[in-house]
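Observations on the model geometry
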Amino acid sequence: MTMRVRFAPSPTGYLHVGGARTALFNWLLARGQGGEFILRIEDTDRARSKPEHTEAILHGLDWLGLDWDGEPHFQSEGVERHRADALRLLDEGKAYRDFADPSTAVGAASGAATDEEGRRRVRELAESVTPEESRVRADAGESFAIRFRVPAGETSWEDAVHGRRAVQNAAIPDLVVLRRDGTPTYNLAVVSDDADMGITHVIRGDDHLSNTPKQILLYQALGWPVPVFAHVPLILGPDGKRLSKRHGATAVGDYESRGILPDAMVNFLALLGWSPGDDTEVMDREELVARFSLGRVLKKSSVFDVKKLEWLNGQHLARTAADRLEPLVTAKLQLISGVSSDYLRGREVWYRSLIDLLRVRARTVDDIARQAVVYLTDDLEYDEPAVRKHWLKDPNTTVDRLEALRERLADVEWEKSALETAIRGMAEELEVGAGKVIHPLRVSLTGMAASPGIFDVLTLLGRDRALERMDRAIEGLKRGTFAGTQNERTRA
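Residues numbered from 1 in each chain as written. Predicted model: local features only at pLDDT ≥ 70, side-chain atom pairs only at ≥ 80, totals over all residues. Heavy atoms only, no water.

Note that Ser 192 resides in helix 7 (residues 186–197). Only 2.6 Å separates the side chain of Ser 192 from the side chain of Asp 85, close enough to count as a polar contact. Excluding residues within four positions of it along the chain, Ser 192 makes contact with Arg 81, His 82, Asp 85 and Trp 224. (Helix = DSSP H or I, 4+ residues; strand = E, 2+ residues; numbered from the N terminus. Polar contact = N/O pair within 3.5 Å; in protein donor to acceptor, adjacent residues only side chain to side chain. Contact = heavy atoms within 4.5 Å.)

In this section: the packing of aromatic side chains. This structure, assessed with the given rule, holds eight aromatic pairs. When the ring of Phe 25 is compared with that of Phe 292, the centres are 5.1 Å apart and the planes differ by 50°; the resulting orientation is tilted. Of this pair, Phe 25 sits in helix 1 (residues 17–33) while Phe 292 sits in the loop between helix 11 (285–291) and strand 12 (302–303); the two residues are 267 residues apart in sequence, bridging distant segments of the chain. The exposure class of Phe 292 is buried, given its relative accessible area of 5%. Aromatic side chains Tyr 255 and Phe 304 sit 5.6 Å apart centroid to centroid with 45° between the ring planes, which places their arrangement in the tilted category. With Tyr 255 in helix 9 (residues 252–257) and Phe 304 in the loop between strand 12 and helix 12 (306–319), this pair connects stretches of sequence that are 49 residues apart. Taken individually, Tyr 255 and Phe 304 each receive the classification buried, so the pair is uniform in this respect. Among the aromatic side chains, those forming a connected cluster through ring pairs are Phe 25, Trp 274 and Phe 292. Sitting over the ring of Phe 144, Arg 97 keeps its end group 5.4 Å from the ring centre. (Phe/Tyr/Trp six-rings, centres within 6.5 Å; stacked < 30°, edge-to-face > 60°. Buried < 20%, exposed > 50% of the residue type's maximum accessible area, 1.4 Å probe, protein only. Lys NZ or Arg CZ within 6 Å of the ring centre and 35° of its normal.)

Attention now moves to the layout of surface pockets. For the largest pocket, the calculated volume is near 970 Å³. Residue lining of the largest pocket: 37 residues in total, with His 16, Gly 18, Gly 19, Asp 207 and Arg 242 positioned closest to the centre. Mapped by element, the contributors of at least two residues to the lining of the largest pocket are strand 1 (4–7), helix 1, helix 2 (51–64) and strand 9 (201–205). With six residues, the single largest contributor to the lining of the largest pocket is helix 1. When grouped by side-chain class, the residues that make up the lining of the largest pocket number 15 nonpolar, 14 polar and eight charged. (1 Å grid on protein atoms, 1.4 Å probe; cavity = no way out; pocket = protein on both sides within 12 Å on 5 of 7 lines; lining within 4 Å. Points joined across faces, edges and corners; volume = space filled by probe spheres on them. Nonpolar A, V, L, I, M, F, W, Y, C, P; charged D, E, K, R; others polar.)

Turning our eyes to something else, we now look at helix 21 (residues 454–461). In terms of burial, helix 21 is largely enclosed, as six of its eight residues are buried. Ile 454, Phe 455, Val 457, Leu 458, Leu 460 and Leu 461 are the residues of helix 21 that are buried. On its buried face, helix 21 is in contact with helix 15 (348–359), helix 16 (365–376), helix 19 (416–430), helix 20 (434–446) and helix 22 (463–479). At the C-terminal side of helix 21, Gly 462 shows a positive phi close to 85°.

Now for the sheet that holds strand 5 (residues 145–148). Spatial ordering of the open sheet is given by 4-5-8, a layout of three strands whose pairing is antiparallel. Looking at which strands have only one partner, the edges of the open sheet turn out to be strand 4 (95–98) and strand 8 (176–178). Between one strand and the next, the sheet's axes are offset by a mean angle of 40°, whatever the strand orientation. Relative to strand 5, strand 4 is paired through four bridges, and the arrangement is antiparallel. Directly across from Asp 98, in strand 5, lies its bridge partner Ala 145. (Pairing = 2+ DSSP bridges. Axes fitted to C-alpha atoms, helices over the stretch in contact; angles between N-to-C directions.)

With that out of the way, let us pick up the environment of Arg 296. As for its position among the elements, Arg 296 is in the loop between helix 11 and strand 12. Between the alpha carbons of Arg 296 and Leu 175 there is a distance of 34 Å; along the sequence they are 121 residues apart.

Time to look at the side chain of Thr 330. Looking at the element boundaries, Thr 330 is found in helix 13 (residues 322–336). A polar contact is formed between the side chain of Thr 330 and the backbone oxygen of Glu 326, at a distance of 2.9 Å. Once you skip the residues sitting within four places of it in the chain, Thr 330 turns out to touch Ser 341, Leu 344 and Tyr 351.

Contact geometry of helix 18 (residues 395–410) with helix 22 gives a least axis separation of 10 Å together with a crossing angle of 155°. Comparing their axes, helix 22 and helix 18 come out roughly antiparallel. Remark: the crossing between helix 18 and helix 22 carries left-handed chirality. From helix 18, Pro 395, Thr 398, Val 399, Leu 402, Glu 403, Leu 405, Arg 406, Leu 409 and Ala 410 reach across to helix 22, where they touch Arg 463, Leu 467, Met 470, Asp 471, Ala 473, Ile 474, Leu 477 and Lys 478. Looking at the contact of helix 18 with helix 22 residue by residue, the class counts come to 11 nonpolar, one polar and five charged. (Parallel < 35°, antiparallel > 145°, perpendicular 65-115°, else oblique. Left-handed = near helix turned anticlockwise from the far one by under 90°.)

Turning to empty space enclosed by the protein, a few remarks are in order. Tallying each qualifying case throughout the model produces one cavity of 30 Å³ or more. Size it by volume and the largest cavity reaches roughly 40 Å³. The element that contributes the greatest number of residues to the lining of the largest cavity is helix 16, accounting for three residues. Considered class by class, the residues forming the lining of the largest cavity number six nonpolar, three polar and no charged.

The next subject is the pairing of strand 2 (residues 36–41). Here strand 2 lies mainly inside the structure; five of its six residues are buried. In this sheet, strand 2 lies alongside strand 1 in parallel orientation, the contact comprising four bridges. Among the inter-strand pairings, Arg 4 is bridged to a residue of strand 2, identified as Glu 36. A crossover connection joins strand 1 to the parallel strand 2 through helix 1; in handedness this β-α-β unit is right-handed. Note on the crossover from strand 2 through helix 2 to strand 3 (residues 73–74): the handedness is right-handed. (Right-handed = clockwise from strand over helix to strand, strands pointing away.)

Listed below in structure tokens is the structure:
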């Protein structure tokens, strides 16, 4: 039998991190086992379901690369089947009509000492109506709910993550499967849909554990095979509480806009509740597919660590070719600096060399774009701590060294090894460490204390732009432009 798994989000909100992780686990299992990954949009909550949320869910899955098999299914399309299943339970004596006012039924149950007593009171209220009277009232158009008659005994299953689980049926109320308005409830609709789609494995969050015995009872009452259940641990915020909006971004789209790569997000999500069995952390999706199994899903909840995500993203950036990063970086550049693709046209080779240089030190695509601005515009900003540390401790000496270096570089072949020879040679002549020359030069070229290798920086900036920036720094130091630098970055 072909394995069939499903991801069944509700379009009442965007694709959040927990949902994306559930989708990923289903997708990894299906792709690793030659199975099918089905997408079902559970849109029966008409008041809260919105088309834009459906589109966001589809986009989030597309961005993550979690392709589904066939067309998306919509739960609302199966409502008539759901009703038919509820009526079959009624016809077979496995359910009963409940004509009681919901507030009356709830009130009767709420005064019970135990769940079993509450269930009994609800059932007694409903069954005080004879079968004949029940049919007559239904035929006359009186509204009623249909309640599933929970049998006595115990419901157990072998959870693929938690092992054997068992619940005493006395603790399960006679659940409503069809509301008074004729709409199906969640548990019946899910069981009906999963059975209709031939779902063999249900992989979902621990928050659904309480639904599982109810759904197993419905499978058994309707004569359908019970799927394998696997309940994966919840994702927690840094404070140990369930991940929510108070912890910051929880929608997958937020991380896309922050410059996180989809492969890095997939890698990160896989490690939230699953272990490869060794210390491996950086994995592409092919390796994840090959190594994933339900047997290595953890029972304990995992903490969403944004710093870990950014570190993983940096590892994936370093593995990603510049031509694949180019459109992502360009899009960010257009947002933060106005640099357009037209401006870059004809400079593709140089631009990709720049991305290659910057991606190694970056954690996000945004980092690459912010660093790239230095090489693409002349609107240079100077970092105040860098200026104080490498220029203002001895500004006269800084000016002397920059002027001497500028004069030397003006006549040097603009090539990496020649530039390195000239700069290191000057440091030797001055009898100082190379850093005493390189650090002030770096600030004059980039405005920052840290950058890629200074010889790469010079090469990518080009002779004219590099010398012009040195001139600007020298002139500013002579005028005392930087002497009053406080907490703000000085624009020159």
